[in-house]
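Below are the chains, spelled out letter by letter.
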Amino acid sequence: MEDKLILRRVDLNLFRVFEAVMHHRSVNGAAKELNLTSSAISHALARLRRVLDDELFVVGSAGMEPTPRALELAPSISGGMDNFLTTLSEEYFDPARSVRTFTLAATDYAASVLIPPLIRFLSENAPQISIRVFPANQFDALKFLDERRVDLLVGWFANIPTRLKRTRLTVEYGDLVVRAGHPILSTPVTIERLFDFPHVVVELTGSGEQGVAGFLNDQGMARRTWFDRVVIESVADNGLVAHVPLTVPHYSVVPHILAQTDMIATMPRRMVAESIRVGSLVRLDIDYKTIEISVEAVSHRRSSSNSSNKWLLSTLKDVCKNI
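Read on for an overview of the structure. Keep in mind it's a predicted model, so treat the numbers as computed, not measured.

The rules we used
Residues numbered from 1 in each chain as written. Predicted model: local features only at pLDDT ≥ 70, side-chain atom pairs only at ≥ 80, totals over all residues. Heavy atoms only, no water. Axes fitted to C-alpha atoms, helices over the stretch in contact; angles between N-to-C directions. Helix = DSSP H or I, 4+ residues; strand = E, 2+ residues; numbered from the N terminus. Parallel < 35°, antiparallel > 145°, perpendicular 65-115°, else oblique. Contact = heavy atoms within 4.5 Å. Nonpolar A, V, L, I, M, F, W, Y, C, P; charged D, E, K, R; others polar. Polar contact = N/O pair within 3.5 Å; in protein donor to acceptor, adjacent residues only side chain to side chain. Phe/Tyr/Trp six-rings, centres within 6.5 Å; stacked < 30°, edge-to-face > 60°. Buried < 20%, exposed > 50% of the residue type's maximum accessible area, 1.4 Å probe, protein only.

### Brief notes about the packing of helix 2 (residues 13-24) against helix 4 (residues 38-52)
Phase 1 of the analysis: Direction vectors running N to C along helix 2 and helix 4 enclose 110 degrees, while the axes themselves pass 9 Å from each other. With respect to each other, helix 2 and helix 4 are oriented roughly perpendicular. Contact residues: helix 2 offers L14, F15, V17, F18 and V21, while helix 4 offers I41, A44, L45, R47 and L48.
Phase 2 of the analysis: The residue inventory of the contact of helix 2 with helix 4, partitioned by class, reads nine nonpolar, no polar and one charged.

### Thoughts on the side chain of E172
Phase 1 of the analysis: Structurally, E172 can be placed in strand 6 (residues 164-179).
Phase 2 of the analysis: A distance of 3.2 Å separates the side chain of E172 from the backbone nitrogen of R269, its partner in a polar contact.
Phase 3 of the analysis: If we ignore the near neighbours within four places in the chain, the residues touching E172 are Y109, F227, P268, R269, R270, I291, E292, I293 and V295.

### Examining the packing of aromatic side chains
Phase 1 of the analysis: Following the criterion strictly, the structure yields six aromatic pairs and no others.
Phase 2 of the analysis: Both rings, one in F93 and one in W311, keep their centres 5.5 Å apart while their planes meet at 55 degrees; by these two values the pair is tilted. Of this pair, F93 sits in the loop between helix 5 (68-89) and strand 3 (100-106) while W311 sits in helix 13 (residues 307-320), and the two are 218 residues apart along the sequence.
Phase 3 of the analysis: The class of W311 is buried, set by a relative accessible area of 17%.
Phase 4 of the analysis: Plain terms: the ring middles of W156 and Y251 are 6.4 Å apart, the flat faces sit at 70 degrees to each other, and that makes the pair edge-to-face.

Honestly, that's just the spatial picture; any functional story needs more than this.
Dropping the structure here:
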């Protein structure tokens, strides 16, 4: 009975005000987003405070700071409203006939390894579905998801905000590789020998901010930016320091660099499999635990019940089983 009384007193638009203030931490920012006056936002907050019997937001040094109750309510309000609106507006999705463009934010690893089999599947089963791929870097990953500019973010992560959902696609391994004929191959390879040669490192954000243990924490999302476990752990493990004269933001350029230098690199196994098969690169046989990571697709929880997004996630999982 009490829940019904609360519903009668709540205008659903109040929850959009709540979301906007939570996002901007500012009445003025929320007003601009919703195209309302600051006075209208303040009145809406006052109504919501009375209904929920909580201050929800208080003025602090960083703007309108949410109360513990507001933080507790935020995921449910955001997810509930978006699911409700999506359900009302969603049309029946038939992948074989639908004309639709999905947008992914992904590293060049995902573009090189996951996109080709996905496109092959789409050409045979959903020919009018298109895929757009944006680079996933530290500046746009969360912003693009929150603003609905991308459907999925593909990569490897430690922590993600509660408003997002993660789906494991596959597992990847890191291999130490060099060019064929590299001088390190003339003798048995040891950890110590690795540090006799320069290393090229892939730093995915291209920002120079490697973070802790190869992870960068960006607004609640800890994303792996370095894949090179040997370089990261060198000092801690044995006091050796790797010489890293080159850092690049893309894996795809590394084989070309290795081909013309005596550098060593740690690369995702699937990205160098063909180069190793034809003999242009060699995987180092070394007594060292290979790095193992989960490749995941991250989506916004508001889209979790959307049939088209559910289909895309399911399709990605299926194509990843065969790569």
